[in-house]
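Structural overview
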Amino acid sequence: MSNRKNIYNSIRQKMEAAGFQFETEQKPHLQNRKENELKFVHPQLVKRLEEDGYKVRAKKFYIKPLTDEPDCEIGFVTGKSSPLYKESFFIKANSSDSFDETPAWTNRENNAALDSLLESITGYLKTSSDVSSDQMNTYLFTWNPNKWDWVDLADSIEHLETIGYVERRWSCGNSKGIKKGDRVFLIRLGKEPRGIMGSGYAKSSYYVASHWDGSEGKTTNYIDIEFDILINPNEDTLFDKESLELVDINGVQEWFPQLSGISIKQEIVESLESHWFNFIKENKYIKNSFVSNDVVTKIKETYREGKAKDITQTRYERNPEARKRCLRHYGYSCKVCDFNFEHHFGEIGQGFIHVHHINQISDIGKEYEVDPIKDLIPVCPNCHAMIHSKRPAFSIKEIKEIRKTIYNKV
Ligand SMILES: [Zn+2]
Ligand SMILES: [Zn+2]
């Protein structure tokens, strides 16, 4: 028996190393087990899963004897509904609890599934912690027309096509970590057509307001989103499941989640941005040529097929990182007229500015790499519109000259 005790102790140590907190040792409920089970909690894991859009009802984790036999396997179990069983990121269970057939992880000689599970939990939590303050994160928001009718969708799209963006408040579920400037995609759920129908940026961090379903006294969390693309599902094709399968070849991302505001895994963000950019370009959804899609960059992709055959593919991509670097260098004042939104509008103007891409997509060849300081420049929307009032666009110098001449006349 002492040998068994050692096994429990060593598993407990590994559990604690993976962030589990030991709560108690107890007799398994309604079971005729020869040994006690160890009960754990893991608030950080539960919180992270909830942030990723899961409803986590199973908040207790057990190390327990899996049958009534004295020398039975010892395994890890939790509630059957737990995302640990469903999310492909976690290692698959290799045994089960004879009591109620709940899948269990155990260490067998040729398959240390329990150790691997703990490793994958550690890895999962690490991916969230380096989602830190400076890095831009990407989130998936949902719209289910069965739950809420977007009556002014057509108006929103019209506004976007005229002004270049449209701002909407959107429920962000439990995802309170979203920061201003984070990237946002919007997916339509429920009845077909289903698929990504918009993209944009977070314009605020989360705030609490009354619930969109109108229930009295009920509140929910929101952020403001500035959409740069919105597709009308009644008129145009959405970026559908098949397109998403190309983005996410290994199927690491939940694309049709229950909750709005789950994070999109960093490892597929680049692929998503690039497929999405090509999609909106091919379908001519970029109707306003002078907003964020000014920013292009070239990415080389190498495919290996059989005999190390390298194909270099060039594609354009909107590049939020380049925008960020440009603004870090130049600040947020218009480089034509010096207008600064924060100075005039206070907090709501903070961080607001367009970024103009000096070499337009149409003017440059296929091989091009964006230099955030040489090629990008912050301008206010007014100056930006004037820069683009002819094709090819005015240079910054030209537009400044024009402005000076007119100013002196008035
Ligand atoms: Zn300006
Ligand atoms: Zn521009």
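Reference entry: report on the structure contained in this document. Only a predicted model underlies this, so the values are computations on that prediction, with no experimental measurement involved. (Residues numbered from 1 in each chain as written. Chains lettered and ligands numbered in written order. Predicted model: local features only at pLDDT ≥ 70, side-chain atom pairs only at ≥ 80, totals over all residues. Heavy atoms only, no water.)

Formed by 41 residues in total, the largest nonpolar core has its most connected members in Phe141, Leu186, Ile196, Leu230, Trp255, Leu272 and Trp276. Secondary structure elements with two or more residues in this core: strand S8 (138-143), helix H5 (153-163), strand S9 (166-171), strand S10 (183-188), strand S11 (195-202), strand S13 (219-230), helix H6 (241-247) and helix H7 (266-282). The leading source of residues in this core is H7, at seven residues. Excluding anything up to four places from it in sequence, Leu272 contacts Phe185, Ile196, Phe239, Leu244, Val247, Trp255 and Ile264. Tyr8, Leu45, Leu117 and Tyr124 belong to the second largest nonpolar core, which has 30 residues in total. (Core = buried A, V, L, I, M, F, W, Y, C linked by side-chain atoms within 4.5 Å. Buried < 20%, exposed > 50% of the residue type's maximum accessible area, 1.4 Å probe, protein only. Helix = DSSP H or I, 4+ residues; strand = E, 2+ residues; numbered from the N terminus. Contact = heavy atoms within 4.5 Å.)

What follows is about unusual backbone geometry. For residues that are not glycine, phi is negative in most cases, and the peptide bond is trans in most cases. With an omega dihedral of 0 degrees, the bond running from Glu192 to Pro193 counts as a cis peptide bond. Notably, Leu30 is not glycine yet its phi reads approximately 60 degrees, a positive angle. Considering the arrangement of structural elements, one finds Leu30 in the loop between strand S1 (21-26) and strand S2 (37-41). Given the relative accessible area of 71%, Leu30 is considered exposed. Even without being glycine, Glu101 reaches a positive phi, approximately 60 degrees. One can find Glu101 in the loop between strand S5 (95-96) and strand S6 (103-108). Under the relative-accessibility criterion, Glu101 is labelled exposed at 53%.

As a further point, take the packing of aromatic side chains. Pairs of aromatic rings are described using the distance from one ring centre to the other and the angle between the two planes. Throughout the structure, instances matching the rule amount to 21 aromatic pairs. Centre to centre, the rings of Phe61 and Phe76 are 6.1 Å apart; their planes meet at 40 degrees, and the pair counts as tilted. Note that Phe61 is positioned in strand S3 (residues 61-65) and Phe76 in strand S4 (residues 74-78), a separation of 15 residues in sequence. Consider the rings of Trp143 and Trp150, whose centres lie 5.3 Å apart with planes at 90 degrees: the pair is edge-to-face. Comparing Trp143 with Trp150 shows no difference in burial state: the two are buried. Chaining the aromatic ring pairs together yields one cluster made of Phe20, Phe22, Phe40, Phe61, Phe76, Tyr85 and Trp105. The cationic tip of Arg169 hangs over the ring face of Tyr222; the distance from NZ or CZ to the ring centre is 3.8 Å. Over the ring of Phe256 we find Arg194, and its NZ or CZ is 4.3 Å from the ring centre. (Phe/Tyr/Trp six-rings, centres within 6.5 Å; stacked < 30°, edge-to-face > 60°. Lys NZ or Arg CZ within 6 Å of the ring centre and 35° of its normal.)

Okay, the coordination of the zinc ion (ligand 1) next. Only Cys334 (SG), Cys337 (SG), Cys380 (SG) and Cys383 (SG) from the protein reach the zinc ion (ligand 1) as donors, at distances of 2.2 to 2.4 Å. If you look at the zinc ion (ligand 1), its four donor atoms make angles of 104 to 114 degrees with each other, and the shape they trace is tetrahedral. Sequence positions of the donors to the zinc ion (ligand 1) reduce to the motif C-x2-C-x42-C-x2-C. Pair noted here: Cys334 is in the loop between helix H8 (320-330) and helix H9 (341-345) and Cys383 is in helix H10 (residues 381-387), with a separation of 49 residues, a long-range link. Judged by relative accessible area, Cys383 falls into the buried class, the value being 8%. (Donors = N, O, S within 2.8 Å, 3.2 Å for Na, K, Ca; no water. Tetrahedral: all angles 85-135°; square planar, octahedral: opposite > 155°, others 65-115°.)

This next bit is on the pairing of S4. Remark: a regular strand shows side chains that alternate across the two faces of the sheet. In terms of residue burial, S4 counts as a mostly covered element, since five of its five residues are buried. Note that S3 and S4 share five bridges and pair antiparallel. If you follow Pro65 over to S4, its bridge partner there is Ile74. The sheet contact formed by S4 and S6 spans two bridges and is antiparallel. Residue pairing across strands places Gly75 opposite Thr106, the latter belonging to S6. (Pairing = 2+ DSSP bridges.)

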